[in-house]
Amino acid sequence: MGCGTSKVLPEPPKDVQLDLVKKVDPYTGYKTDIYKHFIKGDGDAIKSAIPSPPCHTNPYVEQQEPRKNRVAKYRAKFDPRVTAKYDIKALIGRGSFSRVVRVEHKATKQPYAIKLIETKYREGREVCESELCVLRRVRHTNIIQLIEVFETQERVYMVMELATGGELFDRIIAKGSFTERDATRVLQMVLDGVKYLHTLGITHRDLKPENLLYYHPGMDSKIMITDFGLASARKKGDDCLMKTTCGTPEYIAPEILIRKPYTNSVDMWALGVISYILLSGTMPFEDDNRTRLYRQILKGKYSYSGEPWPSVSNLGKDFIDRLLTVDPGDRMTALQALKHPWVVSMAASSSMKNLHRSISQNLLKRASSRCQSTKSAQSTRSSRSTKSNKSRRVRERELRELNLRYQQQYNG
């Protein structure tokens, strides 16, 4: 549901302010696509057969299957060791330096996803190294599993579990019913995975609904945490503090914004944001203006106004409050969150009122708004790039003053 949401990548230059942090631009066409040879066709006939990319494509969720005649054309681009073991079925996701395809193991007929990363590009190599460093260490039922890896001089092929059940909030919209008890079931699975990661010294740093997927379409499907491209893996004996500014803006913890060394508690802040969305379909902190968004986060001010909050229990709100705490020292850990009475009791003392209508309406409204914002941003990008240096200096000065004020407040 995060259409158009961009990531903040590591590491911005020290003289660049927060509103100028590098963003990941959404995919806008095939002209500059470094993978254009994967789907190379004959003229306009093939181009018209290629669907327009959606506002958001998740690399682990199967999207619309390409035509068989195109599959054969990019199958030949794979390393022979891969095609000897796996049948290439469909292109299901794309990134700046990667492709994800659905494959089938020839012997077992088990479906998997293969993430192909171009490591000849520095950015692709860095993301690949980060993700592999984490996935090679983890084995947990609620974390996407790496099966095997094939490496060449210019590419890495990561064979992974294939999650076919869709994104968390897409399932909620389709479900027709959603209560606080349903929310605690989801959060228990996510918290189990996060607790495991933190025990290993791994901080995800980009927890958000798009990275929480259902393993299969069935009602009993587990939730899986995916996308470890921004994760930090601390080796035994290393300092537990991190300094890299990264994440997705609406989910970034206050201590990251003020450039203060931080711990894995930033994941717990993100889980507070996710919990808020889970119970309402709305964001606790949201603004198209990055400076105003960061100001909201730094203040840690959000409200429980509007539907369906009057129907949400005080215990559910208390759970959120203990995560969306500006001081990371007061924030719940994953273990503490699992022991919170609202989660332990599976919201037994809460109203069993169906929150689905309000949540799904809010989610759909937000998705539509984000898509429109993305289209508008793309159409006006050239005009924004011509803003005067004076305007930029004003924004930079405002952010410097804002950062200084909250650093003094935070340290005082």
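Residues numbered from 1 in each chain as written. Predicted model: local features only at pLDDT ≥ 70, side-chain atom pairs only at ≥ 80, totals over all residues. Heavy atoms only, no water.

An unreviewed UniProt entry annotates the chain as Serine/threonine-protein kinase H1 of Thamnophis sirtalis. Reading the Sequence similarities (unreviewed entry) entry of the UniProt record for the chain gives the comment "Belongs to the protein kinase superfamily. CAMK Ser/Thr protein kinase family." (UniProt positions renumbered as here; feature names shortened; annotations may be inferred.)

Quick look at the environment of G95 now. Checked against the element boundaries, G95 lands in the loop between β1 (86-94) and β2 (98-105). Judged by its relative accessible area of 27%, G95 is partly exposed. Along the backbone, G95 and K115 are 20 residues apart, and their C-alpha atoms lie at a distance of 9.9 Å. (Helix = DSSP H or I, 4+ residues; strand = E, 2+ residues; numbered from the N terminus. Buried < 20%, exposed > 50% of the residue type's maximum accessible area, 1.4 Å probe, protein only.)

All right, on to the confidence of the model for the chain then. The share of residues in the chain with pLDDT of 70 or more is 69%, and the mean pLDDT across the chain is 77. The spread of mean pLDDT over the elements of the chain runs between helix α1 (residues 43-49), the lowest at 29, and helix α11 (residues 334-338), the highest at 97. Across residues 11-56, where pLDDT falls below 50, the model places 93 contacts with residues more than four positions away in sequence or in other chains. Under a pLDDT of 50 for its full length, residues 379-386 has, in the predicted model, three contacts with residues more than four places off or in other chains. (pLDDT = per-residue confidence, 0-100. Contact = heavy atoms within 4.5 Å.)

Here the focus is unusual backbone geometry. Put simply, E307 and P308 share a cis peptide bond, and its omega is 5°. Backbone geometry at K109 places phi at a positive 65°, although glycine is not the residue there. Inspection of the secondary structure assignment puts K109 in the loop between β2 and β3 (111-118). Using a relative accessible area of 51% as the deciding quantity, one classes K109 as exposed. With phi around 60°, R259 is a residue other than glycine that occupies positive phi space. Along the chain, R259 falls in the loop between α7 (254-257) and α8 (265-280). Residue R259 is classed as partly exposed on the basis of its relative accessible area of 33%.

Let's shift gears to the sheet that holds β2. The five strands are arranged β1-β2-β3-β5-β4 in an open sheet whose pairing can be described as antiparallel. Only two strands of the sheet have a single neighbouring strand rather than two, namely β1 and β4 (146-151). Geometrically, the sheet is characterised by an average inter-axis angle of 25° between neighbouring strands, direction not taken into account. Relative to strand β5 (residues 155-160), β4 is paired through five bridges, and the arrangement is antiparallel. Its bridge partner being in β5, L146 is matched across the sheet by M160. Each of β3, β4 and β5 touches helix α4 (residues 122-135); the most contacted strand, β5, lies at about 35° to it. (Pairing = 2+ DSSP bridges. Axes fitted to C-alpha atoms, helices over the stretch in contact; angles between N-to-C directions.)

Before going further, it helps to examine empty space enclosed by the protein. All told, the structure shown has two cavities of 30 Å³ or more when counted by the stated rule. Considered as a void within the structure, the largest cavity measures approximately 80 Å³ in volume. Around the largest cavity sit 13 residues that line it, and R205, D206, Y251, V266 and A270 are the ones nearest its centre. The dominant element in the lining of the largest cavity, judged by the number of residues it contributes, is α8, at three residues. Residue composition of the lining of the largest cavity, grouped by class: eight nonpolar, two polar and three charged. (1 Å grid on protein atoms, 1.4 Å probe; cavity = no way out; pocket = protein on both sides within 12 Å on 5 of 7 lines; lining within 4 Å. Points joined across faces, edges and corners; volume = space filled by probe spheres on them. Nonpolar A, V, L, I, M, F, W, Y, C, P; charged D, E, K, R; others polar.)

The full count for this structure, using the stated rule, is eleven salt bridges. E255 is the partner of R331 in a salt bridge, and the nearest nitrogen-oxygen pair spans 2.9 Å. One end of the pair, R331, is in the loop between α10 (314-321) and α11; the other, E255, is in helix α7, and 76 residues separate them in sequence. Residue class for R331 comes out buried when judged on its relative accessible area of 4%. (Salt bridge = Lys/Arg side-chain N within 4 Å of Asp/Glu carboxyl O.)

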